[in-house]
Amino acid sequence: MNIAIVCYPTFGGSGVVATELGIALSTKGHEIHFITYHQPVRLEALRHPNIHFHEVNVPDYPLFKYQPYELALSSRLLEVVKLHHVDVLHVHYAIPHAYAAYMAKKMLEDEGIHIPIVTTLHGTDITLVGSHPFYRAAVTFSINHSDRVTAVSESLKQDTLRLFEIKTQIDVIPNFIDVDKIEMAGMPCERSLLATKEEKILTHISNFRPLKRIMDVLHIFEKVAAQVPCKLMMVGEGPEKMKAVQYVEAKGLEDRVLFLGNSNEIDKILCFSDLFLLPSEQESFGLSALEAMAHGVPVISSDAGGISEVNKNGFSGYLSPIGDIATMSENAIKLLLDKELHSKFKKQAKAQASLFSLQKIIGKYEAIYSDAIASIQY
Ligand code: GMT
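Residues numbered from 1 in each chain as written. Predicted model: local features only at pLDDT ≥ 70, side-chain atom pairs only at ≥ 80, totals over all residues. Heavy atoms only, no water.

## Section: the overall build of the protein
The following threshold applies: Helix and strand labels come from DSSP, where a helix needs a run of H or I of at least four residues and a strand needs a run of E of at least two; each type is numbered from the N terminus. Both definitions apply: the radius of gyration is a C-alpha atom measure, and the globule rule equals 2.2 Å times residues to the power 0.38. Type-normalised accessible area, obtained with a 1.4 Å probe on protein chains alone, sets the label of each residue: buried when under 20%, exposed when over 50%, and partly exposed for intermediate values. Any pair of residues with heavy atoms lying within 4.5 Å of one another is described as a contacting pair. Each accessible area is a Shrake-Rupley estimate made with a 1.4 Å probe; only the visible protein chains count as cover when residues are assessed. All tallies of charge rest on Lys and Arg as positive and Asp and Glu as negative; His and the ends of each chain are not included. For charged residues, the charge sits on one atom: NZ in Lys, CZ in Arg, CG in Asp, CD in Glu.
A tally of helices and strands in the protein yields 15 helices and 13 strands. Expected size for 378 residues packed as a compact globule is a radius of gyration near 21 Å; at 21 Å, the protein falls within 12% of this value. Expressed as lengths along the three principal axes of its C-alpha atoms, the size of the protein is roughly 70 × 45 × 35 Å. Out of the 378 residues in the protein, the part that is buried amounts to 55%. Sequence separation of at least 24 residues holds for 69% of the intrachain contacts in the protein that already meet a minimum separation of 6. Only carbon and sulfur atoms are counted for the fraction: they give 54% of the accessible area of the protein, which is about 16600 Å². Of the charged side chains in the protein, 36 are positive and 44 negative, and the gap between their average positions amounts to 4 Å.

Listed below in structure tokens is the structure:
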């Protein structure tokens, strides 16, 4: 198939999922066209012969307070679909991608070209931004006019049905991880560069937005550090980072809390991590938790949204109510102090992650594409 993928090319989970999906589909022989405003961060296009990248350019015009990205995107979609005979448009994150795709579809219809749209909902496009009264009507319209709609968890599907008047069927296709790639990588684990043998390593990866509850991460770390020698790796960038850095400085924790910024090498960081912390306020899935589990890192998380569909309480880690720092810390300490329990959870975390292996999920997207293509009426 000739598949066009639209996504945010940044470090966010939806962009990562879209990129990994495109790469996996390309290895199965599909022709993949990424259409974004810059090359997705996890994509090395030159390495994959049947992956193509088409940049969306938005000219800066001083009259506009807001540059019309949707307009530029739908024009680019039209161009790419025509030039490369694209069979299906897969848009990740409803805003504004599903809306722009609908415009492109209508423009193409005018030229006698009929193309189906598959929209994948990721989380904040529904729960945080999309349901805002200023956007809700357009988001509802775009979802209802997609030929197929998928959500990354049952929790997100239920949120979507609760927050919008949805007339289309929503299929749940969970996020995935290439477990074989992790197994085969066999990368050197350079733990000694960051911690001593006695020290445990706790890791948090996110975009440091308020809903990630970054201060909870630090408070949990402080409680754990009072009983277990440990370090905390904070990976990512975002609006709450400065507050966190200032707190760490004020508490004199600079040598134990390391801010590593955005990283393309999370495999290297997770390979030496002993625990992963994800105390989010909202999380439709929690891709970073799945990535940690695939590396055999147990997860201490909140029970927000779809996290419980990924992290299994008492098996791959522990879940607690949002903001329950005391229980999260107790569970972290319990795991870190009991070597046998920790190694059991490490194995179980890997086993749980394998339920979301790429090989199990990719066929579900291919089936959705085939259905969507077949459903197009000429
Ligand atoms: O978590 C973020 O803030 C990034 C965001 C995104 O849209 O890129 O992530 C959402 O999509 C991910 C991939 O499907 C999910 O794993 C995250 O749980 C979801 N984030 C939220 O629901 C807050």
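## Comments concerning the site of the ligand
Put simply, the rule reads: Any residue with at least one heavy atom within 4 Å of a molecule or strand is counted as near it. In protein, a polar contact means a hydrogen-donor-capable atom and an acceptor-capable atom, both N or O and within 3.5 Å, with residues adjacent in sequence counting only if both atoms are side-chain atoms; elsewhere, any N or O pair within 3.5 Å suffices. Classes in brief: Ala, Val, Leu, Ile, Met, Phe, Trp, Tyr, Cys and Pro nonpolar; Asp, Glu, Lys and Arg charged; the others, Gly included, polar. Domain delimitation follows an automatic or database domain assignment.
The immediate surroundings of the ligand are formed by 19 residues, with H122, N207, R209, K212 and E283 found nearest. Here an oxygen atom of the ligand sits 2.7 Å away from a polar atom, N or O, in the side chain of E283. Contact between the ligand and L287: an oxygen atom at 3.0 Å from a main-chain N or O atom of the residue. For the ligand, the accessible surface in isolation is 480 Å², of which the surrounding protein chains cover 94%. A breakdown of the residues in the shell around the ligand according to their chemical character gives 5 nonpolar, 11 polar and 3 charged. Mapped onto the domain boundaries, the shell around the ligand takes at least three residues apiece from domain 1 (2–176 + 358–375) and domain 2 (180–354).

## Here's the deal with the sheet that holds strand β7 (residues 170–172)
Quick reminder of the rule: Here, any two strands with at least 2 DSSP bridges between them count as paired. All axes here are fitted lines through C-alpha atoms, helices being fitted over the stretch that makes contact, and every angle between N-to-C directions spans 0 to 180 degrees.
Across the sheet, which stays open at both edges, the 7 strands sit in the order β3-β2-β1-β4-β5-β6-β7 with parallel pairing between neighbours. Each edge of the sheet is formed by a strand with only one pairing partner; in this case those strands are β3 (51–55) and β7. Strand-to-strand twist in this sheet, taken as the mean axis angle between neighbours without regard to direction, amounts to 25°. Sitting on the sheet, helix α1 (residues 13–27) touches β1 (2–6), β2 (31–36), β3 and β4 (88–92), and the angle it makes with β2 is about 155°. Set on the sheet, helix α15 (residues 358–375) makes contact with β1, β4, β5 (117–121), β6 (148–151) and β7; between it and β6 the angle comes to about 160°.

## Points about the pairing of strand β8 (residues 200–205)
Residues in a regular strand project their side chains so that they alternate between the two faces of the sheet. Convention followed: Place the viewer so that the strands point away; then a crossover is right-handed whenever the path from the first strand over the helix to the second strand goes clockwise.
Of all 6 residues in β8, 5 are buried; the element is thus mostly enclosed. In this structure, β8 lies alongside strand β9 (residues 230–235), joined through 6 bridges in parallel fashion. Paired with I201 across the strands is K231, a residue of β9. Handedness of the crossover joining β8 and β9 through helix α8 (residues 214–225): right-handed.

## Some points on the domain arrangement of the protein
Going by this rule: Defined in terms of a 1.4 Å probe, buried area is the accessible area two parts forfeit on being brought together, summed over both. In the sections that follow, a salt bridge refers to a side-chain nitrogen of Lys or Arg positioned within 4 Å of a carboxyl oxygen of Asp or Glu.
Each domain of the protein was delimited in the assignment, giving domain 1 (2–176 + 358–375) and domain 2 (180–354). A separation of 30 Å is found between the C-alpha centroids of domain 1 and domain 2. In this complex, domain 1 contributes 22 residues to the contact, which on the side of domain 2 involves 18 residues. Summing both partners gives a buried area of about 1400 Å² for domain 1 against domain 2, and 50% of it is carried by carbon and sulfur. It is F11, R42 and N175 that lose the most area in domain 1 upon contact with domain 2, and together they represent 31% of the buried surface on that side. Summed over the shared surface of domain 1 and domain 2, the result is 1 salt bridge. Between E20 and K181 there is a salt bridge; the shortest N-O distance is 3.6 Å. At the surface where domain 1 touches domain 2, the tally comes to 9 residue pairs in polar contact (both at pLDDT 80 or more).

## A look at the pattern of salt bridges
Considering all chains together, one arrives at 18 salt bridges under this definition. Among the ionic pairs, D147 bridges to K105, the shortest N-O distance being 2.9 Å. One end of the pair, D147, is in the loop between α5 (136–144) and β6; the other, K105, is in helix α3 (residues 94–110), and 42 residues separate them in sequence. Close ionic contact of D274 with R191 constitutes a salt bridge, the shortest N to O distance being 3.0 Å. Placement of D274 in the loop between α10 (266–271) and β11 (275–278) and of R191 in the loop between α7 (179–185) and β8 is noted, with a sequence separation of 83 residues between them. Looking at D274, the relative accessible area reads 9%, which means it is buried. Classification of R191 by relative accessible area gives partly exposed; the value is 22%. Three or more residues joined by partner-sharing salt bridges are found here, namely R148, D171 and D371.

## Some points on the environment of G306
For G306, the position within the fold is in the loop between β12 (299–302) and α12 (307–310). Along the backbone, G306 and A104 are 202 residues apart, and their C-alpha atoms lie at a distance of 32 Å. With residues near it in sequence (within four places) discarded, G306 still touches S153, S155, E283, S284 and F285.

## So, α1
Given 3.6 residues per helical turn, the α-helix brings residues three or four places apart onto the same face. As a reminder, the rule being used: Expected helix span is taken as 1.5 Å per residue step, with the number of steps being one fewer than the number of residues.
Counted at 1.5 Å a residue, the expected span for α1 with its 15 residues is 21 Å, and the 21 Å between its end C-alpha atoms agrees. Residue G29 follows α1 closely and has a positive phi angle near 100°.

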